Amino acid sequence: AAALQRLREVFDIEELPPDVVPRKRPPQFMVDLFNRVADANGITRAPGLLQGDVVRGFEDRVLADQHRFYFDVSAMEKGEQMLKAEFRVFKLKTARVSGRSGVKHFCKVEVYELLERGSKPQKKHLIASRLLSLYTEGWEVFNVTQTVSKWVGNSSSNHGFLITTTHTSNNRIEHNLVKFAKSQDTLQESRNALLVLFTNSNKRRSHGFVPFSATDVMESSSASTGRRPRAAPVPSAKSQVTACHRRELYVDFRAIGWSGWIIYPSGYNAFDCRGSCLFPLGESLNATNHATVQSIVHTLKLSQDVSTPCCVPDELKSLNLLYFDDKENVVLKNYKDMVATKCGCH
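Please read these numbers as outputs of a predicted model, since none were measured by experiment. (Residues numbered from 1 in each chain as written. Predicted model: local features only at pLDDT ≥ 70, side-chain atom pairs only at ≥ 80, totals over all residues. Heavy atoms only, no water.)

**Q** Can you help me understand the layout of surface pockets in this one?
**A** Take a probe with the size of a water molecule and roll it over the atoms, and the empty space left behind shows itself. Considered as a void within the structure, the second largest pocket measures approximately 310 Å³ in volume. What lines the second largest pocket is a set of 16 residues, and nearest its centre among them are Glu-14, Ala-75, Glu-77, Asp-325 and Asp-326. Its residues assigned to classes, the lining of the second largest pocket comprises 5 nonpolar, 1 polar and 10 charged. Per-domain counts for the lining of the second largest pocket show at least three residues from each of domain 1 (1-56 + 241-345) and domain 2 (61-96 + 103-192). (1 Å grid on protein atoms, 1.4 Å probe; cavity = no way out; pocket = protein on both sides within 12 Å on 5 of 7 lines; lining within 4 Å. Points joined across faces, edges and corners; volume = space filled by probe spheres on them. Nonpolar A, V, L, I, M, F, W, Y, C, P; charged D, E, K, R; others polar. Domains from an automatic or database assignment.)

What follows is the structure, given as structure tokens:
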């Protein structure tokens, strides 16, 4: 239990979210974003692909009204710094009206911040405006960073967004002719409106070091699943003097009991550095100058209490998790120094 509690701390999870994965599909935008920044194992493809280290996707909570949208952004953590907010809506294609002359193919779309509650709020503030074609469909993305920053600072000011569309036909103004996808239609579930927040967690995580062994984790997970961990092989005399090297250390989220809320990946290979750093230290051991001197002092027995250098990760890569939080919002989070890509003597 203590090992799993420490693992939660490493992954910044205060309370384990409920099992959501079997019954809920994540927004396609968040899945595509994960695939863009990470490989199938969650390892970061290249640094700098993500703005900040956390991306939060909030789905629209208003189902009945075609033009009102509300997002509960209260899941933002204390101290989290918002860098950018995008309001993403899917505009549906408008049916062509036959028999009309002088029909203009464009309509004006305006996005407002609602300034009051109620079924028919009157007070609103214009955020963005653009012209769109009536007969095309697709995603429209609006920058709403300033508005959402205000909501994060004062949740009572969050009354949602309103979208109005105005179409001119024969000098007659038609309102709300254009429709936007809403989640009650299962075919349009992946097109549901989304508020995407790019943030910095501003937490100094010591993810590179986890003060428990893999055996502790496996024992904890086997206790929760009822499975017995396999006994580790007894090292032979030959294996005890194996040079420093990297070996597999797979963290299985299903075995730990986390597969119900982690969307991707199902697990990852953290790798483990094992072996000795005996003199002479070859180039393949990536030894530091300090480690080389230490190994020489140890070999020559110039000091009684000097040990050999340690075989430790020499290069680390970050890991990306896509998961449901405790309010069923989808989060993409980047964790630094989680995967050992090289081992060396230090």
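The rest of the description comes next.
**Q** Would you explain the sheet that holds strand S16 (residues 330-345) in this entry?
**A** In a beta sheet, neighbouring strands are held together by backbone hydrogen bonds and run either parallel or antiparallel to one another. With antiparallel pairing, the 7 strands of this open sheet are ordered in space as S6-S3-S9-S1-S16-S15-S12. At either margin of the open sheet sits one strand with a lone partner, and together these are strand S6 (138-143) and strand S12 (262-264). Along the sheet, successive strands turn relative to each other by an average axial angle of 30 degrees, direction set aside. Summarising the sheet, strand S1 (residues 54-59) and strand S9 (residues 194-200) pair through 6 bridges and their orientation is antiparallel. When the sheet's bridge partners are listed, Gly-57 is paired in S9 with Val-196. Seen against the sheet, helix H2 (residues 28-37) touches S1, strand S3 (81-91), S9, S12, strand S15 (311-324) and S16 and runs at an angle of roughly 15 degrees to S16. (Pairing = 2+ DSSP bridges. Helix = DSSP H or I, 4+ residues; strand = E, 2+ residues; numbered from the N terminus. Axes fitted to C-alpha atoms, helices over the stretch in contact; angles between N-to-C directions. Contact = heavy atoms within 4.5 Å.)

**Q** How should I be thinking about the state of the cysteines in this particular structure?
**A** Among covalent bonds in proteins, the disulfide is the one between the sulfur atoms of two cysteines. Enumeration over the complete set of coordinates arrives at 2 disulfides. The side chain of Cys-244 participates in a disulfide bridge whose partner is Cys-311; the two sulfur atoms lie 2.1 Å from each other. Around the S-S axis, the bridge from Cys-244 to Cys-311 shows a dihedral of about 70 degrees and counts as right-handed. One end of the pair, Cys-244, is in the loop between helix H4 (214-225) and strand S10 (245-247); the other, Cys-311, is in strand S15, with 67 residues separating them in the sequence. Using a relative accessible area of 10% as the deciding quantity, one classes Cys-244 as buried. (Disulfide = S-S within 2.5 Å. Buried < 20%, exposed > 50% of the residue type's maximum accessible area, 1.4 Å probe, protein only.)

**Q** Could you clarify how one ought to interpret the environment of Leu-322 in this entry?
**A** Checked against the element boundaries, Leu-322 lands in strand S15. Taking the relative accessible area as the measure of exposure, Leu-322 reaches 0% and is therefore buried. Sequence separation between Leu-322 and Leu-332 is 10 residues; the distance between their C-alpha atoms is 4.5 Å. If near-sequence neighbours (up to four positions away) are discounted, Leu-322 is found in contact with Met-30, Val-31, Phe-34, Ile-262, Ile-263, Tyr-264, Val-330, Val-331 and Leu-332.

**Q** Sorry, what's going on with the packing of aromatic side chains here?
**A** Ring pairs (aromatic) are described by centroid distance and by the angle formed between their planes. Taken as a whole and assessed by the stated rule, the structure comprises 15 aromatic pairs. An angle of 75 degrees between the planes, with centres 5.8 Å apart, marks the rings of Phe-71 and Phe-87 as edge-to-face. Placement of Phe-71 in the loop between strand S2 (68-69) and S3 and of Phe-87 in strand S3 is noted, with a sequence separation of 16 residues between them. You can call Phe-87 buried: its relative accessible area is 0%. Summarising the aromatic geometry, the rings of Phe-87 and Phe-142 are spaced 6.3 Å apart at their centres and angled 35 degrees between planes, so their arrangement reads as tilted. In this pair, Phe-87 is assigned in strand S3 and Phe-142 in strand S6, connecting sequence segments 55 residues apart. Take Phe-142: its relative accessible area is 2%, and that puts it in the buried class. (Phe/Tyr/Trp six-rings, centres within 6.5 Å; stacked < 30°, edge-to-face > 60°.)

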